[in-house]
Amino acid sequence: MNNEIQNTVITVIAAIAGINPQQVELEYKISGPPLKISNPDITYLAMALRAIVKSSNSGKTLKKRELTKSGITVKQIVELMETKLKP
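Undergrad: Run through the overall build of the protein, naming residues and quoting values.
TA: Within the protein one finds three helices and zero strands. Start at the N end of the protein and walk to the C end: the helices and strands fall as α-α-α. At 12 Å, the protein has a C-alpha radius of gyration in line with the 12 Å of a compact globule built from 87 residues. With the C-alpha coordinates aligned to their principal axes, the bounding extent of the protein is approximately 35 × 25 × 20 Å. Counting over 87 residues, the protein shows a buried share of 38%.

Undergrad: Report on the nonpolar core, specifying residues and quantitative values.
TA: In terms of nonpolar packing, the biggest core is built from 26 residues, with I13, L49, L67, V74, I77 and M81 touching the most fellow members. Of all elements in the fold, only helix 1 (3–17), helix 2 (39–56) and helix 3 (74–85) reach the threshold of two or more residues within this core. Residue contributions to this core peak at seven residues, all from helix 1.

Undergrad: Can you tell me about the environment of I16, naming the residues and giving the values?
TA: Looking at the secondary structure, you find I16 in helix 1. On the basis of relative accessible area, I16 is assigned to the partly exposed category, the value being 24%. Counting along the chain gives 30 residues from I16 to A46, while the straight-line C-alpha distance between them is 11 Å. Residue contacts for I16: discarding those within four places in its chain leaves I37, D41, Y44 and L45.

Undergrad: Please give an account of unusual backbone geometry that cites residues and values.
TA: Each neighbour pair has its own omega, and for P33 with P34 the value is 0°, a cis peptide bond. As for its position among the elements, P34 is in the loop between helix 1 and helix 2. The backbone of K36 shows a phi angle near 50°, a positive value even though the residue is not glycine.

Undergrad: Any details on the packing of helix 2 against helix 3? Residues and values, ideally.
TA: Contact geometry for helix 2 and helix 3: axes closest at 9 Å, N-to-C directions at 30°. By the angle between their axes, helix 2 is roughly parallel relative to helix 3. Note that helix 2 runs across helix 3; the crossing there is right-handed. Packed against helix 2, whose contacting residues are L45, L49, I52, V53 and S56, the element helix 3 presents I77, M81, K84 and L85 at the interface. Residue composition of the contact of helix 2 with helix 3, grouped by class: seven nonpolar, one polar and one charged.

Rules behind the numbers
Residues numbered from 1 in each chain as written. Predicted model: local features only at pLDDT ≥ 70, side-chain atom pairs only at ≥ 80, totals over all residues. Heavy atoms only, no water. Helix = DSSP H or I, 4+ residues; strand = E, 2+ residues; numbered from the N terminus. Rg over C-alpha atoms; globule rule 2.2 N^0.38 Å. Buried < 20%, exposed > 50% of the residue type's maximum accessible area, 1.4 Å probe, protein only. Core = buried A, V, L, I, M, F, W, Y, C linked by side-chain atoms within 4.5 Å. Contact = heavy atoms within 4.5 Å. Axes fitted to C-alpha atoms, helices over the stretch in contact; angles between N-to-C directions. Parallel < 35°, antiparallel > 145°, perpendicular 65-115°, else oblique. Left-handed = near helix turned anticlockwise from the far one by under 90°. Nonpolar A, V, L, I, M, F, W, Y, C, P; charged D, E, K, R; others polar.

As structure tokens, then:
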């Protein structure tokens, strides 16, 4: 797992959840405690992550529906971002 990508994703998730990045664990579900990122906030998460993908590789994108899968974890989002950021 790429540490730079992992740290970026965790920082964005923590900012949206309103918690310290050190409190975010890879096993946490996005919608579950302590993150509790609800549907409106998932839109902001998708926009922030999409901007990162677009700045690195303008031919790829990230869609909100990729983040709304039931039970999606921080680790799964990090892995998703790694695939999107591959050249």
